[in-house]
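# Notes for the structure review
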Amino acid sequence: MFVRRTLKQALAALTSPGWSYAHTDPEQLHQVLAERTAAANSEAADHAVEAAAWNTAGLYVQPGVMEVRRDVLADVHYLEGLLIGARRRGLDAELIERLAAAVDSGHELSVALADAARATITAPAAGH
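Sequence order as written defines the numbering, with residues in each chain counted from 1. In keeping with the model being predicted, local features are shown solely for residues with a pLDDT of at least 70 and side-chain atom pairs are shown and tallied solely at 80 or more, while totals for entire chains, interfaces and linings include all residues. Each side-chain value is derived from all of the structure's non-hydrogen atoms; neither hydrogens nor water enter the calculation.

Per an unreviewed UniProt entry, the protein goes by the name ANTAR domain-containing protein and belongs to Streptomyces microflavus.

What follows is the structure, encoded as structure tokens:
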């Protein structure tokens, strides 16, 4: 996953100035977060329409759920690495606490997505 994350970082650095470096100014960080949220939200409508078009039966939903779960797990594993590094280096307790919460939330999301994937399979009718 390290290679995947590094490739993602390199591509993001090429397409989004400021992605690959740390921000020390709280206002600048807030602005970058707001810009990225706005960009994701503007793309969300297209993604939702695309996903809804395939939403005709559970088995059509399953591949998308599985793909999202794979991506979530990859990101959670990366976050776990950040958390481990922060703990080993004795970084700020609040940072460690928030990273741990993000990791926990990611694992919960992964479980929920696995449950959703399982729910895409309908039980066979009696007598079949």
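## What about the environment of Asp75?
Put simply, DSSP marks the helices as runs of H or I at least four residues long and the strands as runs of E at least two long, and each gets a number from the N terminus on. Examined against the element boundaries, Asp75 turns out to sit in helix α3 (residues 58-88). In this structure the C-alpha to C-alpha distance between Asp75 and Val103, which are 28 residues apart in sequence, comes to 9.1 Å.

## What about the pattern of salt bridges?
Counted as salt bridges are all cases of a side-chain nitrogen of Lys or Arg within 4 Å of a carboxyl oxygen of Asp or Glu. Tallied over the entire structure, the rule returns three salt bridges. As a salt-bridge pair, Asp71 and Arg70 come within 3.2 Å of each other at their nearest N and O atoms. Buried means the residue's accessible area, taken with a 1.4 Å probe over protein chains only, is under 20% of the maximum for its type, while exposed means over 50%, and partly exposed covers the values in between. Asp71 sits in the partly exposed class, given a relative accessible area of 24%. The partner of Arg98 in a salt bridge is Glu94, with the nearest N and O atoms 2.9 Å apart. Linking Arg98 with Glu94, this pair stays in helix α4 (residues 93-119), spanning four residues, or about one helical turn.

## Structural notes on helix α2 (residues 26-53)
Expected span of a helix, by definition, is 1.5 Å for each gap between consecutive residues, and there is one gap fewer than residues. The end-to-end C-alpha distance of α2, which contains 28 residues, comes to 40 Å, matching closely the 40 Å that a straight helix rising 1.5 Å per residue would cover. Within α2, the axis deviates most sharply at Ala44, by approximately 30°. Two to three positions downstream of the cap, the backbone nitrogen of Glu27 sits 3.1 Å from a side-chain oxygen, assigning the N-cap of α2 to Asp25. Consider a residue and the seven residues that end there alongside the seven that start there; fitting an axis to each set, the bend is the angle between those axes. Contacts described as polar in this section are N or O atom pairs within 3.5 Å, which, within protein, must combine one atom able to donate a hydrogen with one able to accept it, while residues neighboring in sequence count only if both atoms come from side chains.

## Regarding the confidence of the model for the protein
Per residue, pLDDT measures the predictor's confidence, with a range of 0 to 100. When pLDDT is averaged across the protein, the result is 83; 80% of the residues are at 70 or more. Looking at the elements of the protein, mean pLDDT is at its lowest for helix α1 (residues 2-15), recorded as 52, and at its highest for α4, recorded as 97.

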